[in-house]
Amino acid sequence: MHVSCAGKTNVPTFPFTLQTKEKTVELIAPTSFEVFNQLYSASQVQWGVEALYAVVTPAASTGYIKIFQNGNYVFRYYPSKQSDGIMSLGKCE
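Residues numbered from 1 in each chain as written. Predicted model: local features only at pLDDT ≥ 70, side-chain atom pairs only at ≥ 80, totals over all residues. Heavy atoms only, no water.

Novice: How should I be thinking about the confidence of the model for the protein in this particular structure?
Specialist: It should be kept in mind that the predicted coordinates are not to be read in detail where pLDDT is low. In this model, the protein carries an average pLDDT of 79, and 84% of its residues clear a pLDDT of 70 or more. Highest mean pLDDT in the protein belongs to strand β5 (residues 63–68) (89); lowest belongs to strand β1 (residues 17–21) (80). (pLDDT = per-residue confidence, 0-100. Helix = DSSP H or I, 4+ residues; strand = E, 2+ residues; numbered from the N terminus.)

Novice: Honestly, the environment of A59 in this entry has me stumped. Any pointers?
Specialist: Tracing the backbone shows A59 in the loop between β4 (53–57) and β5. A59 has contacts with L39, A42 and S43, leaving out every residue within four places of it along the chain. (Contact = heavy atoms within 4.5 Å.)

Novice: Even after reading the chapter, I still don't get the sheet that holds β1, so can you show me in this structure?
Specialist: Across a sheet, strands are paired by hydrogen bonds formed along the backbone, either parallel or antiparallel in direction. Read from one edge of the open sheet, 7 strands run β1-β2-β3-β4-β5-β6-β7, paired in antiparallel fashion. Two strands close off the open sheet at either side, each with one partner strand: β1 and β7 (86–91). Neighbour to neighbour, the strand axes of the sheet diverge by 25° on average, direction disregarded. (Pairing = 2+ DSSP bridges. Axes fitted to C-alpha atoms, helices over the stretch in contact; angles between N-to-C directions.)

Novice: How should the pairing of β4 be read in this particular structure?
Specialist: Here is the key point about a regular strand: its side chains alternate between the two faces of the sheet. Pairing between strand β3 (residues 43–47) and β4: 4 bridges, direction antiparallel. Looking at β4, one finds that V45 is bridged to V56. Here β3 hands over to β4 after 5 residues, the two strands then running antiparallel side by side. Looking at chain direction, β4 and β5 are connected through 4 bridges and run antiparallel. Bridge pairing links V55 to K66 in β5.

Right, here's the structure in full:
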């Protein structure tokens, strides 16, 4: 549940590609965002049961990417162990 929003952050959005194989997924981002390639190198994917969506979670970090059937996605990233997170909303092409 979101109680409030802090507004824009200084973390830029970036294009990325997800390649999935049943229960594993690889995130491919531009080299300037290599940290995300590393975060998601051993990630898992869970497929929705009641609705058509997928949730991708990194193995060694918190956060997720949730992709819906219509192509919309939510990208949550927690840069540290603190509770503050960064959220990006977008549409897959």
